[in-house]
Amino acid sequence: MHKLILLLGLFFSNLLFANTADGEPNYTAIIMFVLFVGVTLFITYWASKKTHTAKSFYTAGGNITGLQNGLAISGDFMSAASFLGISGLVYLSGFDGLIYSIGFLIGWPIILLLIAEPLRNLGKYSFSDVVSFRLKQKPIRILAACGSLSTVILYLIAQMVGAGKLIEILFGLPYYSAVMIVGGLMISYVTFGGMLATTWVQIIKAVLLLSGATLMAFLVLYQFEFDFNQFFSKAVNVHSKGENIMAPGGLISDPVSAISLGLALMFGTAGLPHILMRFFTVPDAVEARKSVVYATGFIGYFYILTFIIGFGAIVLVSNNPEYLNDSGALIGNNNMAAIHLSHAVGGDILLGFISAVAFATILAVVSGLTLAGASAISHDLYANAFLTGKNNEKMEIKVSKLATIFLGVLAVFLGILFEEQNVAFMVGLAFAIAATTNFPILILSIYWKNLTTRGAVIGGSAGLFIAILLVILGPVVWVDIFGNNEAIFPYKYPALFSMVVTFVGIWFFSKTDKSKNSTAEKELFESQYFRSQTGVGIDKPNAH
Amino acid sequence: MQIRATKEIYQQLKEARIKIIIPLILLAITSYFSFIWVIAFKPIFFGILIFDTNVSIGIFLGFLLILLIFLVTLTYVYLANKILEPLIKKIQNNA
């Protein structure tokens, strides 16, 4: 615990440098920060007393209710990248922001209708439990862990770099210390408080973010007497692109990219390990179901708010010299649209509140990611692939805590390493990998009788490889980062191609698998399916 | 006797689930990909303003799609709790 106190000292001393736009310390932001960190660390302390077993570390004992989990899922999902990024995209080009919002949302019916209940009924701590239910533990766990870890690490880098930049701009902290504060707090939440602390950090953050965004949208619309007609017509008048902001713009230029991005967003959500992991925190399939409805409602509502906030920024920020630099662009960058808007409609107090909320958002998301990554290392790789199920729970918890610290340090290190890089493609790549590797092996293991270990391993790793390769050869990395003239692979989004590779690979190598193992795996399908549909045989939650 | 009862209920459960899931999933996927399709092939259509308002068809349909996605999840949970859950409870009690 004394390390924690040391860290807190560092944190508060840094806070003294927190500034408003005009260089004065923003006391609202400082008070909000201190409150948030204080409350969450207290929760972590409380949670640490309840976190002794592997089950409590990974799943908070399975006692989280549907509403709590719904809030926590939306907390996991509404990252600072989506709050600031989507409102920034709306600010920049209007309608296009909706394409991302809807893409992020459409994954949820898929998760609910096809995955949530079987996942809860078959798994214990991670989605690899489900995939390896009837397949061979070792190879499948390693594949699933590779899929999880690459998704988690890419996502973590994107969040870390975004966090560092954001805190740098908001509070004038040096980039390094911003990244280190985020890393330090996230390691404390997860190592000491496990899933219970992480869940409550998510819930508090979700409530803060939803109320902050609601307040902003309300204040914006209030200025137009809630008349959307007037609101949009003012935006069209002010924006340099005029009427074009009401229609699709340059985000998607050809049908292949449209479908490919659509697939990545839709099925990627259903393959994000930190989201899937949340379904093991509820006691049964009924609560799992409920949590998705709450989550979808909150997230959908949130995206409508970000859209209004983006348009609000067009109307109230883009023509106010206070928020623009000499060349007429937003101070910071377009992702600061929501932050500037908070100042425009609510002064320093709302600016402080929204900045603190953005910070809380980053912390909550990186904590969830780290926990999912740590469970891939300790539960899948260590306990089940290398110890092959010889149960040593104490060691497993120890390894998971070490893995948390390792991932936290790695995230800080990579965050600093990638400071000057364009990391926007990393979230896209994370979604592509989730859609290409995690989702197919998960869905086929639940619903396709003929899936065998050989098929899953060959198809899944081929897809993973192709997804990464196509991103490297595509315009974002090959042209924008490596500086070549022309991309070898012409599309930004690889999911359409890599998903086909995975599914065809899995189908072919499962169908042609005549080994003894494969026959046994197919025979186990019926009983697995029975359990996935009825929940007969699942673990009971911890007693209070 | 109990095993046979369980088998029958399980069969009912599987059929009922398919009847609920297939229409809902088709509704969600087709409306989403129609939306993407228009963006890819007929982006101008989404820019048309509705009657004499300043709201474009694209923005209106986009908001509607968000609502539809939520309603799909709500409908599923309503039907699952009403139709599937009693069957699942019966099987669990037999086991």
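Keep in mind the model is a prediction, meaning the values are calculated, not measured. (Residues numbered from 1 in each chain as written. Chains lettered and ligands numbered in written order. Predicted model: local features only at pLDDT ≥ 70, side-chain atom pairs only at ≥ 80, totals over all residues. Heavy atoms only, no water.)

Novice: Please explain the overall build of chain A as it appears in this structure.
Specialist: Helix and strand counts for chain A stand at 21 helices and zero strands. Against the globule reference of 24 Å for 544 residues, chain A gives a C-alpha radius of gyration of 23 Å, in line with a compact fold. Projecting the C-alpha coordinates of chain A onto the three principal axes gives extents of approximately 70 × 55 × 45 Å. Summarising the internal contacts of chain A: among those between residues at least 6 apart in sequence, 83% fall at separations of at least 24. Averaging the coordinates of the 30 positive side-chain charges in chain A and doing the same for the 28 negative ones gives two points 18 Å apart. (Helix = DSSP H or I, 4+ residues; strand = E, 2+ residues; numbered from the N terminus. Rg over C-alpha atoms; globule rule 2.2 N^0.38 Å. Contact = heavy atoms within 4.5 Å. Lys, Arg positive; Asp, Glu negative; His and termini not counted. Charge placed at Lys NZ, Arg CZ, Asp CG, Glu CD.)

Novice: How should I be thinking about the overall build of chain B in this particular structure?
Specialist: For chain B, the helix and strand inventory stands at three helices and zero strands. Taken from the N to the C terminus, the helices and strands of chain B come in the order α-α-α. Relative to its length of 95 residues, chain B is extended, with a C-alpha radius of gyration of 20 Å against a globular reference of 12 Å. Per-residue burial over chain B gives 40% buried out of 95 residues. Put simply, 64% of the contacts in chain B that link residues at least 6 apart link residues at least 24 apart. Total accessible area computed for chain B in this model is approximately 5600 Å², and 72% of it derives from carbon and sulfur atoms. In chain B, 9 positive and 4 negative side-chain charges are present, and the distance between their average locations comes to 9 Å. (Buried < 20%, exposed > 50% of the residue type's maximum accessible area, 1.4 Å probe, protein only. Areas by Shrake-Rupley, 256 points an atom, 1.4 Å probe, with all protein chains shown as cover.)

Novice: What exactly am I supposed to notice about helix H15 (residues 393-417) of chain A here?
Specialist: Because an α-helix completes one turn every 3.6 residues, residues spaced three or four positions apart along the sequence face the same direction. Here H15(A) spans 35 Å end to end across 25 residues, near enough to the 36 Å set by a 1.5 Å rise per residue. Within the span of H15(A), buried status applies to Glu396(A), Ile397(A), Val399(A), Ser400(A), Ala403(A), Thr404(A), Leu407(A), Gly408(A), Ala411(A), Val412(A), Leu414(A) and Gly415(A). (Expected span 1.5 Å × (residues − 1).)

Novice: Sorry if this is basic, but what is going on with the nonpolar core here?
Specialist: Soluble globular proteins tend to bury their nonpolar side chains together. Counting 214 residues, the largest nonpolar core has Trp108(A), Phe311(A) and Tyr76(B) as its most contacted members. Among the elements that take part in this core, helix H9 (residues 175-222) of chain A stands out by supplying 23 residues, more than any other. Excluding anything up to four places from it in sequence, Trp108(A) contacts Ile73(A), Phe77(A), Thr269(A), Ile275(A), Phe279(A), Val292(A), Thr296(A) and Ile299(A). Grouped together as the second largest cluster of nonpolar side chains are eight residues, Ala145(A), Ala374(A), Ala376(A) and Ala403(A) included. (Core = buried A, V, L, I, M, F, W, Y, C linked by side-chain atoms within 4.5 Å.)

Novice: Teacher, can you tell me more about the packing of aromatic side chains here?
Specialist: Each aromatic ring pair is characterised by the separation of its centres together with the angle its planes make. Under the counting rule described, the total for this entry stands at 37 aromatic pairs over all chains. Note on Phe267(A) and Phe439(A): the rings are 4.7 Å apart at their centroids and 25 degrees apart in plane angle, and the pair reads as stacked. Placement of Phe267(A) in helix H11 (residues 255-269) and of Phe439(A) in helix H16 (residues 424-447) is noted, with a sequence separation of 172 residues between them. Residue Phe267(A) shares its accessibility class with Phe439(A), and that shared class is buried. With 5.5 Å between their ring centres and 75 degrees between their planes, Phe307(A) and Phe63(B) make a pair best called edge-to-face. Taken together, the positions of Phe307(A) in helix H13 (residues 285-316) and Phe63(B) in helix H3 (residues 57-94) put the pair across two chains. In this structure an aromatic cluster arises from ring pairing among Phe77(A), Phe83(A), Tyr100(A), Phe104(A), Trp108(A), Tyr155(A), Phe302(A), Tyr303(A) and Phe431(A). (Phe/Tyr/Trp six-rings, centres within 6.5 Å; stacked < 30°, edge-to-face > 60°.)

Novice: Which parts of the structure should I look at to understand the interface of chain B and chain A?
Specialist: Facing 45 residues of chain B, the contacting portion of chain A comprises 44 residues. Taken over both partners, the interface formed by chain B and chain A buries close to 4200 Å², and the fraction arising from carbon and sulfur atoms is 80%. A per-residue breakdown of the area chain B buries against chain A is headed by Tyr32(B), Phe63(B) and Ile66(B), which together make up 15% of the total. Linking chain B with chain A are two salt bridges. In this structure, Arg289(A) engages Glu85(B) in a salt bridge whose closest nitrogen and oxygen atoms are separated by 2.8 Å. Seen at the junction of chain B and chain A, the total is 10 residue pairs in polar contact (both at pLDDT 80 or more). Breaking the side of chain B that touches chain A down by element, the ones donating at least two residues are helix H1 (2-41), helix H2 (43-47) and H3 of chain B. Its residues assigned to classes, the side of chain B that touches chain A shows 32 nonpolar, 10 polar and three charged. (Buried area = accessible area lost by both parts, 1.4 Å probe. Salt bridge = Lys/Arg side-chain N within 4 Å of Asp/Glu carboxyl O. Polar contact = N/O pair within 3.5 Å; in protein donor to acceptor, adjacent residues only side chain to side chain. Nonpolar A, V, L, I, M, F, W, Y, C, P; charged D, E, K, R; others polar.)

Novice: I would appreciate a short explanation of the environment of Ala116(A) in the present structure.
Specialist: Residue and element names in this part refer to chain A. Assignment of secondary structure puts alanine 116 in helix H6 (residues 96-122). Sequence spacing of alanine 116 and glutamate 168 is 52 residues, and the spatial spacing of their C-alpha atoms is 39 Å. Non-local contacts of alanine 116, meaning those with residues more than four positions away in its chain, are made with Ile111, Phe279, Ala288 and Val292.

Novice: Before we go on, may I ask you to explain the confidence of the model for chain A in this structure?
Specialist: The predicted coordinates of low-pLDDT regions are not to be read in fine detail. A residue-level look at chain A finds 93% of positions with pLDDT of 70 or above and a mean pLDDT of 87. A low-confidence stretch, residues 16-22 of chain A (pLDDT under 50), is modelled with 15 contacts involving residues beyond four sequence positions or located in other chains. (pLDDT = per-residue confidence, 0-100.)

Novice: In this structure, what is going on with the packing of helix H10 (residues 228-238) of chain A against H13(A)? I would like to understand it.
Specialist: For any two helices packed against each other, the geometry comes down to the angle between their axes and how far apart the axes lie. Residues and elements named next belong to chain A. Between H10 and H13, whose axes approach to 8 Å, the crossing angle comes to 50 degrees. By the angle between their directions, the pair H10 and H13 is classed as oblique. In terms of crossing hand, the pair formed by H10 and H13 is left-handed. Contacts between H10 and H13 involve Phe228, Phe231, Phe232, Lys234, Ala235 and Val238 from the first element and Phe307, Ile308, Phe311, Gly312, Ile314 and Val315 from the second. Taken together, the residues that form the contact of H10 with H13 break down as 10 nonpolar, one polar and one charged. (Axes fitted to C-alpha atoms, helices over the stretch in contact; angles between N-to-C directions. Parallel < 35°, antiparallel > 145°, perpendicular 65-115°, else oblique. Left-handed = near helix turned anticlockwise from the far one by under 90°.)

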